[in-house]
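So you can see what is in the structure, the chains are spelled out below.
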Amino acid sequence: MKEQLKEVSKNCYTMVPKGNNIEIRVYLSQRLFNEFTEDESIFQLYNASLLPGIVSPVIGMPDIHTGYGLPIGGVMAVRYDGGVVSAGAVGMDINCGVRLMTTKISTDEIDKEIIGKILKEIAKKVPAGVGKSSEIKEFKKPDMESIALKGAKYYVEKGFGRKTDLEATEDNGCIEGGDISAIPQEALNRTDQLATIGGGNHFLEIGKIEKIFDEKLASEFGLKKKHLYVMIHTGSRGFGHQICTDYTNIMWKNSDKNGVRPPQKGLACAPILSKDGQNYLKAMACAANYAFCNRQLIMHIAREAFVDVLKKPESELGLDLLYDVAHNIAKIEKHKGIKLLVHRKGATRALPKGHPANPPCYSETGHPAIIPGSMGTASYVVVGTDKIEETFCSVNHGAGRSMSRKKARSEFSKKDFRKQVGNVIVSTSNIKSLLDEAPLAYKDIDEVVYTLVEAGLTKPVARLKPLGVIKGEGEEA
DNA sequence: ATGTCC
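Residues numbered from 1 in each chain as written. Chains lettered and ligands numbered in written order. Predicted model: local features only at pLDDT ≥ 70, side-chain atom pairs only at ≥ 80, totals over all residues. Heavy atoms only, no water.

Naming follows an unreviewed UniProt entry, where chain A appears as tRNA-splicing ligase RtcB of Tepidanaerobacter syntrophicus. Taken from UniProt, the Sequence similarities (unreviewed entry) comment for chain A reads in full: "Belongs to the RtcB family." Word for word, the UniProt comment on chain A under Subunit (unreviewed entry) is "Monomer." (UniProt positions renumbered as here; feature names shortened; annotations may be inferred.)

Structure follows, in structure tokens:
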């Protein structure tokens, strides 16, 4: 399908399939287009365009790659009235997202050994890796009703954080409408993973702010060159995964009853206003709020570790939450004057300045969109420009894989891995289990970020360079 | 991404 894509403006490729007025659009630089082999992902965008109530265009971000149903790096907007919601188009890891903390700690006053110590201290309390559950009793059997209704606020009120953290979290850390009666039993059995990182590309990272692109925005965000930052990338763990699995099954089974015919199971869906649709949104809100709590708790534990190791009060260290933003979620939003449900799967919301849904502290700047790169390379903070409405206010969510996990594991040796991550401290000695996370298994983060910058959609604020990272062990073979 | 096939 790649041959059918035509570049209509800088880095913006589109096609409008016959018999369907919905535009398929993907943002790629010249280099990313030349290297593009993910034909299947374009076909997935096309399949999504066939669903009822879709609003043109269906969009692929520069980090697009084939997923289950909708590709990762996909944006699918649907009319709230008459449209459908698809669990697969939100993704398995509901409210997978990133939070970024700034600090008052300059890298001049800290050495590698200290960073290793802090990471070790955090790792003692925050398990990482597939299947890991919390070892802290309080988090093993959480009050799901409170989490569903209050989100991150529930734990902030219990002392795990500051009130100001909520103002710096998307939707104040709470998606409304959470209702535990909509959670299937199987998922209710998987709520013991709060304060855990998980596997795959999830991580906790300490790094330094390497480069500032926009002095004014950076200073408003409190991003100072050479200062340390802490980034947390994780989601709703097995809980969200189970909700996606269960509702995909429910929606698929009830396709005829609900009068929808998704082209494949990964796009199983139900009318937004149907019982199945509403129940999914209630359960999705619960998983999203669980993920906000997960990142809130990990952040709190990280703050404690900094205080313990550096023996300074928290106020002296900063450790302020810059922002927490989801990149796997469906949200009710108004675009072009229409009430829509915007599915972002591996895509980050980036509201421009002046947008009413911005948190008050970012109304004059637009909120920071946090784009994590692969381990060992770099991450970015960007903001959406006044053109960002073109993508329903969405940007990419990371570098995007350039190689399957399987291929990366067969391609790279432990030595290759060490070389690729360079000086970055890695929490585990089991490097073999991290080969699929090697930097070269991902696209070039600079290229991916600049694709949208050149398209006029984003403005880079800062480039962040990792110094040390906690990663969960994955598969070895 | 994921108790990577209860």
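What follows picks up the thread again.
A few words now on helix α15 (residues 414-421). Those residues of α15 not exposed but buried are Phe417, Gln420 and Val421. The buried residues of α15 all sit within an arc of 90° when viewed along its axis, so they share a single face. Exposed and facing more than 90 degrees away from the buried side of α15 are Lys415 and Lys419. Tucked inside the fold, the buried residues of α15 contact β18 (425-426). Among the residues trailing α15, Gly422 stands out with phi positive, at a value near 60°. (Buried < 20%, exposed > 50% of the residue type's maximum accessible area, 1.4 Å probe, protein only. Helix = DSSP H or I, 4+ residues; strand = E, 2+ residues; numbered from the N terminus. Arc of directions from axis to C-beta. Contact = heavy atoms within 4.5 Å.)

This brings us to helix α3 (residues 112-125). Over its 14 residues, α3 extends 21 Å from the first C-alpha to the last, a length consistent with the 20 Å expected when each residue adds 1.5 Å. Those residues of α3 that fall on the buried side of the exposure criterion are Ile115, Ile118, Leu119, Glu121 and Ile122. Taken around the axis of α3, the buried residues stretch over an arc of 160°, which confines them to a single face. Exposed side of α3, more than 90 degrees from the buried face: Lys112, Glu113, Lys120 and Lys124 are the residues found there. Of the surrounding elements, those touching the buried residues of α3 are β8 (203-212), β9 (227-234), α12 (275-310), β18 and β19 (458-471). (Expected span 1.5 Å × (residues − 1).)

This brings us to the protein's contact with DNA strand B. Around DNA strand B sit 17 residues in total, of which Arg190, Gly199, Asn201, Arg237 and His241 are the nearest. Between a base oxygen of DNA strand B and a side-chain N or O atom of Glu475, the distance comes to 3.5 Å. Broken down by element, the residue count for the surface near DNA strand B peaks at four residues, all from helix α10 (residues 237-253). Class assignment of the residues belonging to the surface near DNA strand B gives a composition of two nonpolar, 11 polar and four charged. (Near = heavy atom within 4 Å. Polar contact = N/O pair within 3.5 Å; in protein donor to acceptor, adjacent residues only side chain to side chain. Nonpolar A, V, L, I, M, F, W, Y, C, P; charged D, E, K, R; others polar.)

Attention shifts here to unusual backbone geometry. In this structure, Pro57 follows Ser56 across a cis peptide bond, with omega equal to -5°. By the secondary structure assignment, Pro57 is in the loop between α2 (39-49) and β4 (58-65). The phi dihedral of Lys336 is positive, around 50°, even though this residue is not glycine. Residue position: Lys336 is located in the loop between β12 (328-335) and β13 (338-345). The exposure class assigned to Lys336 is exposed, which follows from its relative accessible area of 52%.

It is worth spelling out the layout of surface pockets at this point. In this structure, the largest pocket spans a volume of roughly 1100 Å³. Every residue lining the largest pocket is counted, 47 residues in all, and those nearest its centre are Asp93, Gly200, Asn201, His202 and Arg405. Going through the elements one at a time, α10 and α14 (405-411) are the ones with two or more residues in the lining of the largest pocket. The volume enclosed by the second largest pocket comes to roughly 500 Å³. Looking at the lining of the second largest pocket, the elements that each hand over two or more residues are α12 and β12. Counting residues per element, the lining of the second largest pocket draws most heavily on β12, at six residues. Of the residues belonging to the lining of the second largest pocket, the class tally is 11 nonpolar, five polar and seven charged. (1 Å grid on protein atoms, 1.4 Å probe; cavity = no way out; pocket = protein on both sides within 12 Å on 5 of 7 lines; lining within 4 Å. Points joined across faces, edges and corners; volume = space filled by probe spheres on them.)

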